[in-house]
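In case you want the letters, here they are:
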Amino acid sequence: MFLKLNGRENFFLSKSFSQKIVKKSNIILSPEFYWVKRVELNVNFSYEVKKMAPSIFEDMLPSGVYEYSVLKVSKKNFIVMAFDIQRIKSDLESLGIDLKFVNKIYLAQSEFSCKEDLKIDDNFGLTCVDSVVTIAPLSLLDASKSVEDYFKKKSLSSNYVFLNRFKDFKVDSKLTGLSITILILLNLLLALDIVSNIKKSRSLSSKKEKFIRKYNLPQTSFQLKSIESELKKIDKRQMDFRKSVDYIGRFKLGKKESFNNLVFDKNRVELSLKLASKKREKEFDEYIKKLPKSSLDIKVSYEK
Amino acid sequence: MKNSLKVKTLIALFVIFILLLGYKFVSEKNFKEDYESFINYKTDAKNLILLQKKWDDKTKTKQTIDSIKRRFKVDSLELINGKYIMKLGSLKKRDLDRFMATVLSSNLIVEKLEVKKDKGLVSVFLEVKR
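Residues numbered from 1 in each chain as written. Chains lettered and ligands numbered in written order. Predicted model: local features only at pLDDT ≥ 70, side-chain atom pairs only at ≥ 80, totals over all residues.

Before going further, it helps to examine the overall build of chain A. When helices and strands are tallied, chain A shows seven helices and 15 strands. Put simply, chain A has 304 residues, and 19% of those count as buried. Long-range contacts, defined as pairs at least 24 residues apart, comprise 58% of the intrachain contacts of chain A with a sequence gap of at least 6. (Helix = DSSP H or I, 4+ residues; strand = E, 2+ residues; numbered from the N terminus. Buried ≥ 20, exposed ≤ 12 C-beta atoms within 10 Å, placed from the backbone. Contact = placed C-beta atoms within 7 Å.)

When pLDDT is averaged along chain A, the result is 87; 94% of the residues meet or exceed 70. Within the model, pLDDT remains below 50 along residues 1-5 of chain A, and this stretch shows 20 contacts once partners closer than five positions in the same chain are excluded. (pLDDT = per-residue confidence, 0-100.)

The next thing to look at is unusual backbone geometry. All names here are of chain A. Even without glycine at this site, Lys76 takes up a positive phi of about 70 degrees. Residue position: Lys76 is located in the loop between β5 (67-74) and β6 (77-83). In this structure, Lys266 is a non-glycine residue whose phi angle is positive, near 55 degrees. Along the chain, Lys266 turns up in the loop between β13 (258-265) and β14 (268-274). The exposure class of Lys266 is exposed, given the 10 C-beta atoms found within 10 Å.

Turning to the pairing of strand β9 (residues 124-129) of chain A, a few remarks are in order. Residue and element names in this part refer to chain A. Taken together, the two bridges between strand β8 (residues 117-119) and β9 define a ladder with antiparallel strand orientation. Paired with Leu118 across the bridge in β9 is Leu126. Adjacent in sequence and paired antiparallel, β8 and β9 are bridged by four residues. Pairing of β9 with strand β10 (residues 132-137) involves six bridges; the strand directions are antiparallel. Directly across from Phe124, in β10, lies its bridge partner Pro137. Where β9 folds back onto β10 in an antiparallel hairpin, the turn is made up of two residues, including Asp130, whose phi is positive at roughly 55 degrees. (Pairing = 2+ DSSP bridges.)

Residues and elements named next belong to chain A. What the three strands build is an open sheet, ordered β4-β6-β5; its pairing is antiparallel. Taken across any chain shown, the strands that pair with only one partner, and hence form the sheet edges, are β4 (35-40) and β5. Here the average twist between neighbouring strands, direction ignored, is 20 degrees. Pairing between β4 and β6: six bridges, direction antiparallel. By the bridge assignment for β6, Trp35 is matched with Ala82. Packing against the sheet, helix α1 (residues 46-56) makes contact with β4, β5 and β6, and its axis sits at approximately 125 degrees to β5. (Axes fitted to C-alpha atoms, helices over the stretch in contact; angles between N-to-C directions.)

Taken together, the contact between chain A and chain B spans 45 residues of the former and 44 residues of the latter. Only α5 (173-215), α6 (221-249) and β13 of chain A provide two or more residues apiece to the side of chain A that touches chain B. Looking at which element gives the most residues to the side of chain A that touches chain B, the answer is α5(A), with 21 residues. Classifying every residue of the side of chain A that touches chain B by side-chain character gives 23 nonpolar, twelve polar and ten charged. Judged from the five bridges that link them, β13(A) and strand β3 (residues 109-118) of chain B form a sheet pairing that is antiparallel. Across the sheet, residue Phe264(A) finds its bridge partner in β3(B), namely Leu113(B). (Nonpolar A, V, L, I, M, F, W, Y, C, P; charged D, E, K, R; others polar.)

Below, the structure is given as structure tokens:
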């Protein structure tokens, strides 16, 4: 029961299979490994039938986890197959087949075209009854060709029921175990680091809240800068006013000379004073010009 | 443990590792930004606190006003629209120098000041922000 196709060896598997498989191969299961039912339903598509498959097989299957496959035979006629992949795997193992040598598993129902009977062994053959692939005693069949010959000439469909996902990769058990340990440790370290970051972040937030409450400050830097800018304006104006008055007060007055009026309002300083001569007035004008840079507008008038 | 299970575990752990690594970088970046923002906030706040102590201390302003009231002959003192309005009618020159020294060395926010001299006596009008 050995066939070769597309570089993979193919085996038709019945419960009497006794060969040893030592290379990656495709397996075609005989009807002994799955359940089949032909149904006539008022639907058009296979996927609609697949949704109904569990109820089609209700109370008919032994306990297990079943998957379903549907083939459309003709309009409103479908063949529904049920299979338990775990059961199939354990059947394969009990037949001495190592799963690592299994590439894809197919059902005979989807691969056999029913045009002729096939010989499985000396006692049984493969045939179709009402489009359902089944095993029958060879004496009842007109089988001239063996299953090996049949599948040798036929390319397999894409309707496989199982694909060995780890087919081409060899797993080094020790290396995998080591990698798992390293990854667990790294994940733990990362998790601890993240927890520490979260704690630091919370502590920072609480520090900020305390600082804000202690000094009764606004929440955002934007609000803070806006208040600061207002106070800076006040600071500049008040300091300019104080410096100006201090500077003016340091001008030495002679006898019969005096400051008469001083008005400070907004950004304006008005000064009225009485000086002894025009020369002195010029001296004072020059003195005022030397006043350090100020934001205030200083106006001087002289009284006679 | 079966090999396939080991491989699945390895893949799951690797995915968790990548996710944790991403989360770690994001959380670290956020913390760094928060920290820098807090430091900047603190610097700005210190400047603000200094300015507030200098110009926005209502208690200190009240104390200075009370002190002026005690030390000089104040004709009237009113608090209107958040402003102290003070009038002093007959200060001598020596008193004026002391008054000006008190005002200029204080934290009072002077909005308006008028000093007028008339026949040896000085009258003062002072408007100060509360």
